[in-house]
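# Structural overview for review
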Amino acid sequence: MFRIGSSTGGESREEIRGWSSFRKTAYLLLPLLIYFVVHDVAELVLWGIMEGVLSGGGEDVVTFVRENAYTLQGVINGLAALIGVAAVWKMAKKEIAGEAYANGVADDRCFSVNRRTGEARQRLGNEMHSGEWLLLIALAFCAAVGVNFLFGLTGLAEQSAAYSSVAKKQYGVEFAAGLILYGIVSPFAEETVFRGLLYNRMKKCFSYPIALVLSALFFGLYHGNVVQAVYGGVLGLLIAYVYEKYHNFMAPVLFHAVANCSVFAMTYRGRFENVSQGVSMGIMAALLAVAGICLWRIKRLTNQNDGDK
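For the structure given in this document, a descriptive report is provided here. (Residues numbered from 1 in each chain as written. Predicted model: local features only at pLDDT ≥ 70, side-chain atom pairs only at ≥ 80, totals over all residues. Heavy atoms only, no water.)

## Points about the environment of Val290
Along the chain, the position of Val290 falls in helix α12 (residues 277–305). Residues Val290 and Ala138 lie 152 residues apart in sequence; the distance between their C-alpha atoms is 8.1 Å. (Helix = DSSP H or I, 4+ residues; strand = E, 2+ residues; numbered from the N terminus.)

## Details of the packing of helix α9 (residues 208–222) against helix α10 (residues 226–246)
In the contact formed by α9 and α10, the axes pass within 7 Å of each other and the chain directions differ by 140 degrees. When the axes of α9 and α10 are compared, the pair comes out oblique. Note on packing geometry: the crossing formed by α9 with α10 is right-handed. Taking contact as the criterion, the partners of Tyr208, Leu212, Val213, Ser215, Ala216, Phe219, Gly220 and Leu221 in α9 are, on α10, Gln228, Ala229, Gly232, Gly233, Gly236, Leu237, Ala240, Tyr241 and Glu244. (Axes fitted to C-alpha atoms, helices over the stretch in contact; angles between N-to-C directions. Parallel < 35°, antiparallel > 145°, perpendicular 65-115°, else oblique. Left-handed = near helix turned anticlockwise from the far one by under 90°. Contact = heavy atoms within 4.5 Å.)

## Brief notes about the pattern of salt bridges
All told, the structure shown has four salt bridges when counted by the stated rule. Its salt-bridge partner being Glu95, residue Arg201 comes within 3.2 Å of it at the nearest N-O pair. One end of the pair, Arg201, is in helix α8 (residues 175–205); the other, Glu95, is in helix α4 (residues 69–101), with 106 residues separating them in the sequence. As far as the burial class goes, Arg201 and Glu95 line up, both buried. Residue Arg195 is joined to Glu191 by a salt bridge in which the shortest nitrogen-to-oxygen separation is 2.7 Å. Residue Arg195 and its partner Glu191 are both found in helix α8; the two are separated by four residues, about one turn of the helix. For the pair Arg195 and Glu191, one class covers both residues: buried. (Salt bridge = Lys/Arg side-chain N within 4 Å of Asp/Glu carboxyl O. Buried < 20%, exposed > 50% of the residue type's maximum accessible area, 1.4 Å probe, protein only.)

## Quick notes on the packing of α8 against α9
Relative orientation of the contacting elements α8 and α9 amounts to 150 degrees, with a least axis distance of 9 Å. In terms of orientation, α8 and α9 fall into the roughly antiparallel class. You can see that α8 and α9 cross each other, and the crossing is right-handed. Counted together, Glu190, Phe194, Arg195, Leu198, Tyr199, Met202 and Lys203 of α8 and Tyr208, Ala211, Leu212, Leu214, Ser215, Phe218, Phe219 and Tyr222 of α9 form the full contact between these two elements. Here the contact of α8 with α9 is composed, by residue class, of 11 nonpolar, one polar and three charged. (Nonpolar A, V, L, I, M, F, W, Y, C, P; charged D, E, K, R; others polar.)

## Let's talk about the nonpolar core
Formed by 40 residues in total, the largest nonpolar core has its most connected members in Leu136, Leu139, Tyr231, Tyr246 and Phe255. Residue assignment for this core shows that the elements contributing at least two residues are α6 (130–154), α7 (161–170), α8, α10, α11 (250–267) and α12. Per-element tally for this core: the top contributor is α6, with 12 residues. Listed in part, the 26 residues of the second largest apolar core include Ala81, Val85, Phe194 and Leu212. (Core = buried A, V, L, I, M, F, W, Y, C linked by side-chain atoms within 4.5 Å.)

Keep in mind these numbers describe shape, not what the thing actually does.
Below you can see the structure in the form of structure tokens.
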């Protein structure tokens, strides 16, 4: 059995790095397996309920469902995601607490000192100036929209049939429902699983750079097609980076929410399809340049807050 510490969010980094490869793999992948199994079972049950409603409803119900098929599909997937998160929330909460309070406790002898350091960092995250949060929002917006313009210029999105199928479903959702699903439900669920749980555990198994890259790779592959895998991988790196810098779980959730809402709102109903290549290149360059500046400022400010460590 895995020994769970009540205050540190789990075993120490040294203890975990001494485990066998099999035990490390189980430690990392078992929560993902639980999440996906519960998610898929919940989705099947919800679709079964929907089928029951359709079979017992009248023509008006059937018409409503047909007209709002993509929205209902998004709602069912969102509910299934929340149910999946509920199944792993206890584990995720311990890992998030471990990051906030200990930030990588080496062993039990160092706990009292490191806990005080972790608590100071968590308070700092909660009390950050509005400018630091605005930098995070600006980074999320510029990076997400800038990378989308880059994909549009390369033609990668148009060449992927798998992505086209996914995009048709995503943009078939009603606008208000899409903002809730992609701006609240999806960021919370995915950040709980991929940053709160997986990334925090990876940092205990591997060095920080390896954990950063691996968590981004898993996040990209999770999306299931080449276009979203590349996009998710790039944003996954940035999301894990800001989590590491802000020491606050709200940072990756907010980044993810802003990125999703920005892209969804700006590309809904093909609003930028008629923009010329020259204009697209200019917008992309400007957005990515601003994203780079925001990233640099975040690094400087958070390093100052951590005492330049």
